[in-house]
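Fold and geometry: a report
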Amino acid sequence: AQSVAQPEDQVNVAEGNPLTVKCTYSVSGNPYLFWYVQYPNRGLQFLLKYITGDNLVKGSYGFEAEFNKSQTSFHLKKPSALVSDSALYFCAVRPMNYGGSQGNLIFGKGTKLSVKP
Amino acid sequence: DVKVTQSSRYLVKRTGEKVFLECVQDMDHENMFWYRQDPGLGLRLIYFSYDVKMKEKGDIPEGYSVSREKKERFSLILESASTNQTSMYLCASRRAGGRPDTQYFGPGTRLTVL
């Protein structure tokens, strides 16, 4: 079965320190990968996506993510965390070359990021 | 700027009531989606629609139905609301095509069924 795992329910980071939010996936074939962020009582906002090409993808608000095919991972990173980065982060995957219902996004369960001053 | 709107941010209904959640997008997207979000479970797909009058069941369609009479509008219907349908409901839309285009989400509707 195709799936996405976010192994940490919560990540705590001090402001100014680097942060990593982990994501691993299991899909048939090559994946398209996404990160979304959700601030309290809001919908999901798109952060970045990996389609093809350079394994390091840069997105909004200074976030980046690295696609690692051998480890089937797509971890979200930021060099210096801000208190305003505190939110719920979702990783999502879509199998490449699939249409219809098989082409829909599969979401992880989310990781709560807490950045303390 | 892309925009997906949902008719209500907060909704309180009683068990057995028929509930309509409305979603409108202004991006001329073909695909639209309804998810529910619950703590520890992430986002689960209820229904999606490829185009007008087209719909397909997602992972958890039981107790729900949908309607897509116009391209910009996708409605989620709870025929007889139950307490286990208390949740955050998120609508999303996406342009159709071979490349995976980004899904854009609405602000969500937090539904409480008493």
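The rules behind each value
- Residues numbered from 1 in each chain as written.
- Chains lettered and ligands numbered in written order.
- Predicted model: local features only at pLDDT ≥ 70, side-chain atom pairs only at ≥ 80, totals over all residues.
- Heavy atoms only, no water.
- Helix = DSSP H or I, 4+ residues; strand = E, 2+ residues; numbered from the N terminus.
- Core = buried A, V, L, I, M, F, W, Y, C linked by side-chain atoms within 4.5 Å.
- Buried < 20%, exposed > 50% of the residue type's maximum accessible area, 1.4 Å probe, protein only.
- Disulfide = S-S within 2.5 Å.
- Pairing = 2+ DSSP bridges.
- Axes fitted to C-alpha atoms, helices over the stretch in contact; angles between N-to-C directions.

**Some details on the environment of B:Glu62**
Turning to its location among the elements, B:Glu62 is positioned in the loop between strand E6 (56-57) and strand E7 (64-70). Expressed as a C-alpha distance, the spacing of B:Glu62 and B:Gln103, which sit 41 residues apart in the sequence, is 24 Å.

**Describing the nonpolar core**
Counting residues in each nonpolar core, the largest one holds 27 residues, and the members touching the most others are A:Trp35, A:Leu47, A:Leu48, A:Phe74, A:Leu76 and A:Tyr89. At the level of secondary structure, the elements contributing two or more residues to this core comprise strand E2 (10-14), strand E3 (19-21), strand E5 (31-38), strand E6 (44-50), strand E8 (64-68), strand E9 (73-78), strand E10 (87-95) and strand E12 (111-116) of chain A. By residue number, the principal contributor to this core is E10(A), which donates 4 residues. In this structure, B:Leu11, B:Leu21, B:Trp34 and B:Leu78 belong to the second largest nonpolar core, which totals 21 residues.

**Details of the state of the cysteines**
Among covalent bonds in proteins, the disulfide is the one between the sulfur atoms of two cysteines. Going through the model one piece at a time under the given rule, you end up with 2 disulfides over all chains. Disulfide pairing is shown between A:Cys23 and A:Cys91; the S-S distance is 2.0 Å. Across the S-S bond of A:Cys23 and A:Cys91 the torsion is about -65 degrees, and the bridge reads as left-handed. Of this pair, A:Cys23 sits in the loop between E3 and strand E4 (24-26) while A:Cys91 sits in strand E10; the two residues are 68 residues apart in sequence, bridging distant segments of the chain. With respect to burial, A:Cys23 and A:Cys91 carry one shared label: buried. Disulfide partner of B:Cys23: B:Cys91, at an S-S distance of 1.9 Å. For the disulfide bridge between B:Cys23 and B:Cys91, the dihedral angle about the S-S bond is near -75 degrees, and by the sign convention the bridge is left-handed. Note that B:Cys23 is positioned in strand E3 (residues 19-25) and B:Cys91 in strand E9 (residues 87-94), a separation of 68 residues in sequence.

**Details of the sheet that holds strand E1 (residues 4-6) of chain B**
The strands that make up a sheet pair up through hydrogen bonds in the backbone, lying either parallel or antiparallel. Residue and element names in this part refer to chain B. With antiparallel pairing, 4 strands are arranged side by side in an open sheet as E1-E3-E8-E7. Single-partner strands in this sheet number two, and they are E1 and E7. Ignoring strand direction, the axes of neighbouring strands in this sheet form an average angle of 20 degrees. Inspection of the sheet shows E1 paired to E3 by 3 bridges, in the antiparallel sense. Paired with Gln6 across the two strands is Cys23, which belongs to E3.

Nothing here speaks to function; it is geometry throughout.
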